[in-house]
Amino acid sequence: MSILETVGAIIVGLLLIGAAAFGLYSAFGKSNVATMEQNLVLLRMQTQQFFFGTNYDNLDNEVAIKAGIVPKAFLKGDTLKNSWGGDVTLSSDTSNGSFTVEMDNIPQDACIQLARFQPDSWEAVSVNGQEIDATDVAGIADACSQATNTLAFTAR
């Protein structure tokens, strides 16, 4: 085998390894989004059930952890973290009878998918402080334009 053939074989091998790594990264990214979607639904439902008949008075991370309404996947010691290591913060707006789940450090591609997740289940969804319309895909893509983004989901 000549040197050119050997170099060619090495290059082809590196390309195959790179393609496999990209496929694995892509699969993990989709898995993280699916995990986040499941945990968001669970957190919303458990919060609504726990605070049923109230205005979410005093809801914050500490109360939610003590009440046992936080999905285990969000718990990292005594803090809440999302699939990408960003903070998850619960807060209430008692005057409107609503609560918000805010998550930061969301990658751009995941931001676009999550921002469109179950739009009828949320009072409002905002990306980087800007309320979005779940039917405006181009607007969502523009709002999720940063390398890492902050999403906030508001529910009653």
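In this text the structure is predicted, and so the values were computed from the model without any measurement. Counting of residues starts from 1 at the beginning of each chain's written sequence and follows it residue by residue. Note on the predicted model: pLDDT of at least 70 is required for a residue's local features to be given, and 80 or more for side-chain atom pairs to be given and counted; whole-chain, interface and lining totals, by contrast, use all residues. Hydrogens and waters are ignored; side-chain quantities use all the structure's heavy atoms.

Looking at the sheet that holds strand 3 (residues 88-93)
Note on sheets: strands pair through backbone hydrogen bonds, and any given pair is parallel or antiparallel.
Stage number 1. For two strands to be treated as a pair, DSSP must find no fewer than two bridges joining them. Only DSSP runs of H or I with at least four residues qualify as helices, and only runs of E with at least two residues qualify as strands; both kinds are numbered from the N terminus onward. Across the sheet, which stays open at both edges, the five strands sit in the order 3-4-7-5-6 with antiparallel pairing between neighbours. The open sheet has two edge strands, strand 3 and strand 6 (130-131), and neither has a second partner.
Stage number 2. Pairing analysis gives six bridges linking strand 3 to strand 4 (residues 98-107), with the strands arranged antiparallel. Of the residues in strand 4, the one forming a bridge with Asp-93 is Ser-98.

Description of the confidence of the model for the protein
Stage number 1. Each residue gets a pLDDT score, which is the predictor's confidence in that residue and runs from 0 to 100. Chain-level pLDDT for the protein is 87 on average; 83% of the residues reach the 70-or-more range.
Stage number 2. In the model, residues 18-29 has pLDDT below 50 throughout and makes zero contacts with residues more than four positions away in sequence or in other chains. Only heavy atoms enter the contact rule, under which two residues are in contact if any of them lie within 4.5 Å.

Let's talk about the environment of Ala-155
Stage number 1. Mapping Ala-155 onto the fold places it in strand 7 (residues 148-155).
Stage number 2. Exposure categories follow from relative accessible area, calculated using a 1.4 Å probe and restricted to protein chains: below 20% of the type maximum is buried, above 50% is exposed, and the middle band is partly exposed. Judged by its relative accessible area of 1%, Ala-155 is buried.
Stage number 3. It is 8.6 Å that separates the C-alpha atoms of Ala-155 and Gln-48, two residues lying 107 residues apart in sequence.
Stage number 4. Sequence-distant contacts of Ala-155, defined by excluding residues within four places in its chain, comprise Arg-44, Gln-48, Ser-98, Phe-99, Ser-121, Trp-122 and Glu-123.

Looking at the packing of aromatic side chains
Stage number 1. Centres within 6.5 Å make a pair out of two Phe, Tyr or Trp rings, where for Trp the six-membered ring is used; the pair is then stacked when the planes are under 30 degrees apart, edge-to-face when over 60, and tilted otherwise. If you walk through the whole model with that rule in mind, you get four aromatic pairs.
Stage number 2. Judged by centre distance (5.6 Å) and plane angle (45°), the ring pair of Phe-51 and Tyr-56 falls under tilted. Each member of the pair, Phe-51 together with Tyr-56, is buried.
Stage number 3. Taken together, a centroid distance of 4.9 Å and an interplanar angle of 50° make the contact between Trp-122 and Phe-153 tilted. On the criterion of sequence distance, the pair formed by Trp-122 in the loop between helix 3 (108-115) and strand 5 (124-127) and Phe-153 in strand 7 is long-range, its members being 31 residues apart. Like Phe-153, Trp-122 is buried.

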